[in-house]
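Structural characterization, general
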Amino acid sequence: MGNTYELIPSQQTMYLMVKYSLHKQITQIPTSISVDFDIDFNLLTKALNVEFERNDALRLRFFKEDKVVKQKFIDEYKVDSVPVMTFKTKEEQDAFFGKDAQKPVKFLKGECYRIIFFNAYNGQKGIYLNVCHLNLDAIGILVFYVDLMRVYKALAAGEEMPPALNKYEDYLIKELANLANEKKQQKAEKFYNEYLRRG
């Protein structure tokens, strides 16, 4: 287990939306992609485990320490299998994922995302991801899908892995260092007061 980190401002915003919203707003992002070529879901599961190694944002976990939410990266995470759904109609597919989208991802209890593979009603193959916004934003989700499929294709072809991803942990460290830098914070505050508040 690595170092423990405070939440960065963007993560704090997401967490406060849960904590103080009247209707307990859910800070998770449900998405899916589907492709019109055949996918071996067993091989895709292997690719997913490789992705867990490559993409450290997927190994980020949250917990409370003295009533303060903090985060740390776990060293390893693997799955033996991934649920596979088969849908006969669009209505059935939409209803299933719509229901899951409304089910909270319990990020303070070790569940930061849910991943499901599926056979779509129109014959396509798909991947569904419902992820905590503290782990991934929209760009992070796009990176996940693109890199996962690149890893899958590399495994299928027996080729080398695609180039390594940037580490999210490095970004966290940089952001927290900037917050601790008093001069940078004063400069940012000066910019805000001089330019942004002018309207």
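Re the overall build of the protein chain
- From N to C terminus, the protein chain includes 6 helices and 7 strands.
- Helices and strands in the protein chain line up, N terminus first, as β-α-β-α-β-β-β-α-β-β-α-α-α.
- Residue burial in the protein chain is summarised as follows: out of 199 residues, 40% are buried.
- Partitioning the intrachain contacts of the protein chain with sequence separation of at least 6 by distance along the chain shows that 70% fall at a separation of at least 24.
- Accessible area for the protein chain stands at about 12500 Å²; split by element, carbon and sulfur atoms hold 52% of it.

Observations concerning the layout of surface pockets
- A volume near 450 Å³ is recorded for the largest pocket.
- Counting only elements with at least two residues in the lining of the largest pocket, the list comes to helix 1 (9-20), helix 4 (138-157) and helix 5 (168-180).
- Grouping the amino acids of the lining of the largest pocket by side-chain chemistry returns 9 nonpolar, 7 polar and 3 charged.

Criteria and thresholds
- Residues numbered from 1 in each chain as written.
- Predicted model: local features only at pLDDT ≥ 70, side-chain atom pairs only at ≥ 80, totals over all residues.
- Heavy atoms only, no water.
- Helix = DSSP H or I, 4+ residues; strand = E, 2+ residues; numbered from the N terminus.
- Buried < 20%, exposed > 50% of the residue type's maximum accessible area, 1.4 Å probe, protein only.
- Contact = heavy atoms within 4.5 Å.
- Areas by Shrake-Rupley, 256 points an atom, 1.4 Å probe, with all protein chains shown as cover.
- 1 Å grid on protein atoms, 1.4 Å probe; cavity = no way out; pocket = protein on both sides within 12 Å on 5 of 7 lines; lining within 4 Å.
- Points joined across faces, edges and corners; volume = space filled by probe spheres on them.
- Nonpolar A, V, L, I, M, F, W, Y, C, P; charged D, E, K, R; others polar.

By themselves, these figures tell us nothing about what the structure is for.
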